Structures are given as structure tokens and as C-alpha cells.
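Structural characterization, general
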Amino acid sequence: DLYVVVQVSGHELFVRDGEDLVTVIDVSVAKASLGTTVELPGLDGPVTIDVPAGTQPGSVIEVSGRGMTSLRGRRRGDIRAVVAVHVPTRLDDAERMLMEVLAETLPDGPESQGGIFDRIRSALAGNPGRS
């Protein structure tokens, strides 16, 4: 008898969820507010993810058909990117002044879109929800 044990190493960028690949993309507050594109390495070439203007922390953006190939067919999974919005911890004088002007014009309360853990759970369950 021959026993073969296969162990798949973890990846530094993606977590596998069935045929889907889940990752976290980092964007600044300004880019999340204005919209941007983020390029990730994919299985068969770079993947461009469009982050729409007004994207909230924890939002999930899905790219169809760029994940793992199914072992039982030709279907490919998706890439689901959870958006992490980074707030600067140190500002120079000019940046601080700009943030103060911005703070005066923006409303204080966040729009209700669920917590970050709800959105991550939703992403892992295959329900992209809000993007």
C-alpha cells in the first residue's frame, strides 16, 4: 500500500474558501472616499479591483471567475477582496489643516452598513453584500 499525504502551504495574500480566494486590500481614507483601482497578482496574471467612491471599511468587492478552478468541473471561483481603510496616525501641518477643513464639511454619524465582522462573515459565506 502507498499512502500519499498532501499538504497545501498557506499563501501570503489569499485565504482559500472552496474555489474562492479571499484577501484584504489596503486603501487610504482619501482613496476609499474618491475611488481607486488596486492591482493584485492573480493565478493567471494581474487582477484589477475597482474600489468605488465612498467604499466603507469592511466592504467586499468580488471579481468573478478569477479564483481556483473546481476539481469537479470547469467552473472557477471568485476573488473576494475585503477593503481595509487606513487612517493616518501622524499628520504634518498641511495634512492636519486639510483634515480639519474636511472634518467641518462631513457629517459625524456613519451610514449604517453593518459591522466589519458581519461583512467578513458575509464574504466568506459567498454573499458579497455591499461593495
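Please read these numbers as outputs of a predicted model, since none were measured by experiment.

Cut-offs used in this document
- Residues numbered from 1 in each chain as written.
- Predicted model: local features only at pLDDT ≥ 70, side-chain atom pairs only at ≥ 80, totals over all residues.
- Heavy atoms only, no water.
- 1 Å grid on protein atoms, 1.4 Å probe; cavity = no way out; pocket = protein on both sides within 12 Å on 5 of 7 lines; lining within 4 Å.
- Points joined across faces, edges and corners; volume = space filled by probe spheres on them.
- Nonpolar A, V, L, I, M, F, W, Y, C, P; charged D, E, K, R; others polar.
- Pairing = 2+ DSSP bridges.
- Helix = DSSP H or I, 4+ residues; strand = E, 2+ residues; numbered from the N terminus.
- Polar contact = N/O pair within 3.5 Å; in protein donor to acceptor, adjacent residues only side chain to side chain.
- Contact = heavy atoms within 4.5 Å.

The subject of this paragraph is the layout of surface pockets. Roughly 250 Å³ of internal volume is contained in the second largest pocket. As for the second largest pocket, its lining consists of Val8, Ser9, Gly10, His11, Phe14, Val15, Arg16, Leu21, Pro41, Gly42 and Leu43. Broken down by class, the residue content of the lining of the second largest pocket amounts to six nonpolar, four polar and one charged.

Turning our eyes to something else, we now look at the pairing of strand β3 (residues 36–42). In this structure, β3 lies alongside strand β4 (residues 45–51), joined through seven bridges in antiparallel fashion. If you follow glutamate 39 over to β4, its bridge partner there is threonine 48. Hairpin connection from β3 to β4: two residues lie between these consecutive antiparallel strands.

Let us now look at the side chain of aspartate 20. In this structure, aspartate 20 sits in strand β2 (residues 20–28). Engagement of the side chain of aspartate 20 in a polar contact is seen with the backbone nitrogen of aspartate 78, the distance being 2.7 Å. Engagement of the side chain of aspartate 20 in a polar contact is seen with the side chain of arginine 80, the distance being 2.4 Å. For aspartate 20, the contacting residues outside a window of four places in its chain are Val15, Gly77, Asp78 and Arg80.

Remember, this is a structural readout, not a statement about activity or role.
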